[in-house]
Amino acid sequence: MDDRNIILLGFMGTGKSAVGRVLAQRMERPFIDLDEEIERRVGLPILDIFRTQGEASFRRCESDVAADIAARRGCVVSTGGGVVLDPANIEILGRGGVLICLTATVPTLLARLADDEQRPLLPSGDRGAAAERLLRERMPLYEALPCRIDTDGLDPQEVATEALRIFQVA
Ligand code: S3P
């Protein structure tokens, strides 16, 4: 059996967690949300980790958890949008897994995140400007990933179908 992990990456609001849950259910595989693992390990919500320990501490924990997840097989994994910032994360996650990047336009991202107050890097206020700046900075990192799905106008079921197709031919 094909025990490679499926690793979903992409900017905040691209639907990684929602798609990951659908995919895991369809494939009858365990689902791991990297952010939830970090919260469990630290014992705090992401927002509080950023507030009390700072982003650098969050990133260290993110890399530790990514390495632990990469050692598992047969899982569907959704990552946080910033996991691409450290190339070592991508290298280790890609070793035993198929990396699939979800993309969306800024208006779509903002619409999906409209009621969400849990993103420390997108505080309410000038969210549009913050999202555009961050996305511009990270674009080369997302574009370097081997497979991408444009999720604009698609629901999680449709994105999961496309992810499954990519997994099967990758
Ligand atoms: C982050 C994205 C978040 C979470 C943290 C940092 C980022 O995950 O890891 O707030 O740097 O883009 P989601 O992409 O699931 O929102």
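What you are looking at is a predicted structure, and each value in this text was computed from that prediction instead of being measured.

Reading the values: rules and limits
- Residues numbered from 1 in each chain as written.
- Predicted model: local features only at pLDDT ≥ 70, side-chain atom pairs only at ≥ 80, totals over all residues.
- Heavy atoms only, no water.
- Salt bridge = Lys/Arg side-chain N within 4 Å of Asp/Glu carboxyl O.
- Buried < 20%, exposed > 50% of the residue type's maximum accessible area, 1.4 Å probe, protein only.
- Helix = DSSP H or I, 4+ residues; strand = E, 2+ residues; numbered from the N terminus.
- Near = heavy atom within 4 Å.
- Polar contact = N/O pair within 3.5 Å; in protein donor to acceptor, adjacent residues only side chain to side chain.
- Areas by Shrake-Rupley, 256 points an atom, 1.4 Å probe, with all protein chains shown as cover.
- 1 Å grid on protein atoms, 1.4 Å probe; cavity = no way out; pocket = protein on both sides within 12 Å on 5 of 7 lines; lining within 4 Å.
- Sits in = over half its atoms within 2 Å of the grid points.
- Nonpolar A, V, L, I, M, F, W, Y, C, P; charged D, E, K, R; others polar.

### Quick notes on the pattern of salt bridges
Scanning the model with the defined rule gives 10 salt bridges in all. Close ionic contact of aspartate 2 with arginine 4 constitutes a salt bridge, the shortest N to O distance being 2.8 Å. Residue class for aspartate 2 comes out partly exposed when judged on its relative accessible area of 35%. On the basis of relative accessibility, which here comes to 23%, the residue arginine 4 falls in the partly exposed class. The shortest N-O distance in the salt bridge between glutamate 55 and arginine 59 comes to 2.9 Å. Here glutamate 55 and its partner arginine 59 are both found in helix 4 (residues 55–70), 4 residues apart, which amounts to about one turn of the helix. Of the residues examined, arginine 59 reaches a relative accessible area of 16% and is grouped as buried. Sharing partners across several salt bridges, the network here consists of Glu55, Arg59 and Glu62.

### Focus: the site of the ligand
Close to the ligand lie 13 residues, the nearest being Lys16, Asp35, Arg59, Arg119 and Arg138. With respect to the ligand, the backbone of glycine 81 contributes an N or O atom lying 2.8 Å from an oxygen atom. In the model, an oxygen atom of the ligand is placed 3.2 Å from a nitrogen or oxygen of the glycine 82 main chain. Burial of the ligand by the surrounding chains reaches 96%, relative to a free accessible area of 380 Å². The site holding the ligand turns out to be the largest pocket. In terms of residue class, the shell around the ligand is made up of 5 nonpolar, 3 polar and 5 charged.

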